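Chain by chain, the residues run as shown.
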Amino acid sequence: MQVTALEWGITIAVILGLFVFDFFAHVRTPHEPTFRESGFWSAVYIGLALAFGGVVAWRWGSTFAGEYYAGFVTEKALSVDNLFVFLIIMSTFAVPRIYQQKALLIGIVIALLMRGAFIAVGAAAISAFSWVFYLFGLFLVYTAIKLIRESGHEVEQEQKRDSRVVALTKRMLPTTDEYDGDKLVTRIDGRRAVTPLLLALLAIGFADLLFALDSIPAIYGLTEQPYLVFTANAFALMGLRQLYFLIGGLLDRLVYLSYGLAAILAFIGVKLVLHALHENTLSFVNGGEHVTVPEISTPMSLGVILAVLVVATVASLIRTAATAGSRVDD
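What follows covers the overall build of the chain. The helix and strand tally for the chain stands at 11 helices and 2 strands. Along the chain, helices (α) and strands (β) appear in the sequence α-α-α-α-α-α-β-β-α-α-α-α-α when read from the amino end. For 330 residues, the compact-globule estimate of 2.2 N^0.38 gives 20 Å, and the chain sits close to it at 21 Å. Every one of the 330 residues in the chain was classed for burial, and the buried ones make up 46%. Contacts spanning at least 24 positions in sequence make up 79% of the contacts within the chain whose residues lie at least 6 apart. Of the roughly 16,100 Å² of accessible surface on the chain, 66% is carried by carbon and sulfur atoms. A distance of 6 Å separates the average location of the 23 positive side-chain charges in the chain from that of its 26 negative side-chain charges.

Structure below.
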């Protein structure tokens, strides 16, 4: 897949332009988005993501388009799980609803910048060392196990991380417990002080760093093309702010989402290990020769990912409906 510098430049400019538009059109004036507004713009950004897959198919072929779609679906699913963490952070710092948009958008931009750096490092590592796929694969399997172990304790885990961020910030900078509109820094008795909104933003940024550690190896298990990895991540993050307000109340009902994501990460981890064995160059594995193992195709990967997400979502809704019904009976 050959992507010219001009194509890279146009893509980055368009993506940045969409974020700038989002800020001036929706975030600059503090307000709580309505359900209709959130639903409309969520659909717009998902539509743009799907349309871009068509551009990839037209420019580089259906194989790469399939890799892009598989990566986009995976990153979008992981992003929905991220929303639950954002919800905890907003609750922990008691961020007023009308100011949450600003924190979310800035946090999403930070996430994109971090992922851009991880993508560049990942691409360089893959091109230089084929055995990196072993590390990526094993890390994803470890992450899947960790996700299952922490399932049901997400609130406690995130609050611990947030408290560390707050404690570190308060040791380094003067802070205040009072909000000053949507300002990140305010003045108290003539001195500058960090507001709780900035503390929430720092917590979101730290969470984004942890998310990037999971998501970048995951998508490199579906495509080795840095351009597709970057665009799939960018389009998955776009519209995340609107999705937060659209399905915020639904997140508590997705009780099996963590298990579904763990299954997806484990599946991609196994896929990466199989690919590493197929491309093996390590002398202590099969004498440095390639190992004949089955490889998982992109269409199969996309099918498994979609099936797991559907099963996890339906099972979650059935479980919460049954729980709600039993409470009514009691």
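Glancing now at the pairing of strand β1 (residues 185–188). The sheet contact formed by β1 and strand β2 (residues 191–194) spans 4 bridges and is antiparallel. Looking across to β2, one finds that T186 is bridged to A193. Linking β1 back to β2 in an antiparallel pair, the connection comprises 2 residues, with D189 at a positive phi of about 55°.

On to a nonpolar patch on the surface, then. A contiguous nonpolar surface patch, about 300 Å² in accessible area, is contributed by L6, I10 and V14. Positionally, L6 belongs in helix α1 (residues 5–27). Its relative accessible area of 61% is what places L6 among the exposed residues.

Between its first and last C-alpha atoms helix α10 (residues 257–278) spans 31 Å; for 22 residues at 1.5 Å apiece the expected length is 32 Å, and the two agree. Among the 22 residues in α10, 16 count as buried, and that is most of the element.

In the structure shown here, the tally under the stated rule is 15 aromatic pairs. A ring pair is formed by Y256 and Y259, whose centres lie 6.1 Å apart and whose planes are at 55°; its orientation type is tilted. Among the residues examined, Y256 registers a relative accessible area of 27% and is labelled partly exposed. Connected via pairs of aromatic rings, a cluster forms that spans W8, F52, W60, Y68, Y69, F72, Y227, F230 and F235.

For the rest of this paragraph, the subject is the packing of helix α2 (residues 35–60) against helix α9 (residues 240–247). Following both chains from N to C, one finds α2 and α9 inclined at 135°, their axes separated by 8 Å at the closest point. By the angle class used here, α2 and α9 are oblique. α2 and α9 meet at a crossing whose hand is left-handed. Between α2 and α9, the contacting residues are F35, S38, G39, W41, S42 and Y45 on the first element and Q242, L243, F245 and L246 on the second.

What counts as what
- Residues numbered from 1 in each chain as written.
- Predicted model: local features only at pLDDT ≥ 70, side-chain atom pairs only at ≥ 80, totals over all residues.
- Heavy atoms only, no water.
- Helix = DSSP H or I, 4+ residues; strand = E, 2+ residues; numbered from the N terminus.
- Rg over C-alpha atoms; globule rule 2.2 N^0.38 Å.
- Buried < 20%, exposed > 50% of the residue type's maximum accessible area, 1.4 Å probe, protein only.
- Contact = heavy atoms within 4.5 Å.
- Areas by Shrake-Rupley, 256 points an atom, 1.4 Å probe, with all protein chains shown as cover.
- Lys, Arg positive; Asp, Glu negative; His and termini not counted.
- Charge placed at Lys NZ, Arg CZ, Asp CG, Glu CD.
- Pairing = 2+ DSSP bridges.
- Patch = residues over 30% accessible without salt bridge, like charges linked within 9 Å, V, L, I, M, F, W, Y side chains within 5 Å.
- Salt bridge = Lys/Arg side-chain N within 4 Å of Asp/Glu carboxyl O.
- Expected span 1.5 Å × (residues − 1).
- Phe/Tyr/Trp six-rings, centres within 6.5 Å; stacked < 30°, edge-to-face > 60°.
- Axes fitted to C-alpha atoms, helices over the stretch in contact; angles between N-to-C directions.
- Parallel < 35°, antiparallel > 145°, perpendicular 65-115°, else oblique.
- Left-handed = near helix turned anticlockwise from the far one by under 90°.

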